[in-house]
Amino acid sequence: MSEVEDRLRRALRPIDPPPGFAERVMRALPDQRPTATVTPIDIVRTSPRASFWRRVSAPAALAASLVAAVLLGQHVAIQQEERAGLAARQELMQALRLTSQKLDDAYQAVQGTPAPAQEENPS
Amino acid sequence: MNARIALCIAALGLAGLASPAAAQTPGQLRLPEFAGLAEKAAESVSVQLDPQVLGLACRFLDSSDPEQASVQQMCQSLRGIYVRKFTFDKDYAYPKSDIDGVRRQLAAPGWSQLVGATSKKENTDVNVYLLIDKGQAKSLAIIASEPREFVIVNIVGNIDLEKLHQLEGQFGVPELQIESDKKASPKAAPAPAPAPAPTPKKK
């Protein structure tokens, strides 16, 4: 153990710096040290009101975005439903008109009389 | 384990295939899409109003319009409206076998032919069928064919013939001489009408 200590002591023994070391270090340093600015804590500290809005602004924006997205989605869905409804209504009326026309054809065929539209030129 | 998963997937697939047939409303005909005919036809109309779409259409009917108001009254009891109409530029551009396939479905029990009119001179054919169940018309089918046009109409639901009758004047639906639902039973349904004297049709 004492041998290890002796070796450590020899390895870590203080040695003098080479001549001119201190001057070289001083030359390597910048000419002017940056001066630290000290700001009074009263100026740095924000008011409680501003802090509150800073805290809630992000969640509020997110919530507003969500609400806007939901409303927009609902509006688009309503518009799509309206378009589909009007198209379906048009198909319904078209189908019933066609049904009516064919029932009329059947009726006229059974009756053996010309349809009113065919009587435009009675001659 | 893999075999079990495959079996489950196959079962789900079969269930998916079977569900449309099982969900088909009584009285609903299986109308072909006639996809090939649509390309050849000069004009084609395909209406496929299943219960959901029909309900949507009924909600958008304008009650201030007399025509639509009359439809609104009978709309709620309907379960579907299906129409195929094809018009061609030349005679018999469509295979009659397609129509015969639909006509065969109307030979099923419950269906009665209300009107059958054939003009051999003009080669026109109009047939009106009703599916009667417990004295109530559950479905109406019309098959009308001409050399250059054929129309298949299938209206499914509790068809109130009285309300259909009330459409007279709105769409030009003629009086079908149907007094009430009770008379429109299979036994009371008139036999197919003989071929009437052909009437000139205005094209």
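Residues numbered from 1 in each chain as written. Chains lettered and ligands numbered in written order. Predicted model: local features only at pLDDT ≥ 70, side-chain atom pairs only at ≥ 80, totals over all residues.

## With respect to the overall build of chain A
Looking only at helices and strands, chain A has four helices and zero strands in total. Going from N to C terminus, chain A has its helices and strands arranged as α-α-α-α. Counting only residues that meet the buried cut, chain A has 13% of its 123 residues in that class. (Helix = DSSP H or I, 4+ residues; strand = E, 2+ residues; numbered from the N terminus. Buried ≥ 20, exposed ≤ 12 C-beta atoms within 10 Å, placed from the backbone.)

## What about the confidence of the model for chain B?
Residue and element names in this part refer to chain B. Residues at a pLDDT of 70 or more form 67% of chain B, whose mean pLDDT is 75. When the elements of chain B are averaged for pLDDT, helix α1 (residues 2-23) gives the smallest value, 49, and strand β2 (residues 78-87) the largest, 93. Note that residues 12-22 has pLDDT below 50 and, in this model, zero contacts with residues that lie over four places away or in other chains. Ignoring residues within four places in sequence, the model shows residues 179-203, a span with pLDDT below 50, making 50 contacts including any to other chains. Scoring of the predicted complex yields 0.63 for pTM and 0.71 for ipTM. (pLDDT = per-residue confidence, 0-100. Contact = placed C-beta atoms within 7 Å.)

## So, the environment of Ala 69 of chain B
Inspection of the secondary structure puts Ala 69 of chain B in helix α4 (residues 66-75). Among the residues examined, Ala 69 of chain B registers 13 C-beta atoms within 10 Å and is labelled partly exposed.

## Here we look at the sheet that holds β2 of chain B
All names here are of chain B. Pairing is antiparallel in the open sheet, where six strands are placed in the order β1-β2-β6-β5-β4-β3. Two strands lie at the open edges of the sheet, namely β1 (43-49) and β3 (111-119), each paired on one side alone. The mean inter-strand angle of the sheet, taken between neighbouring strand axes irrespective of direction, is 10°. Both strand β5 (residues 136-146) and strand β6 (residues 149-159) contribute to a ladder of nine bridges, which runs antiparallel. Residue Ala 141 lies in a different strand from β6, and its bridge partner there is Asn 154. Contacts from helix α3 (residues 51-59) reach β1 and β2, with the element oriented near 95° to β2. (Pairing = 2+ DSSP bridges. Axes fitted to C-alpha atoms, helices over the stretch in contact; angles between N-to-C directions.)

## Quick notes on unusual backbone geometry
Residues and elements named next belong to chain B. Its identity as a non-glycine residue notwithstanding, Tyr 92 has a phi of 50°, on the positive side. By secondary structure assignment, the location of Tyr 92 is in the loop between β2 and α5 (96-105). Phi angles above zero are rare outside glycine, and Lys 134 is one such case at about 55°. Under the C-beta neighbour-count criterion, Lys 134 is labelled exposed, with 7 such atoms within 10 Å.

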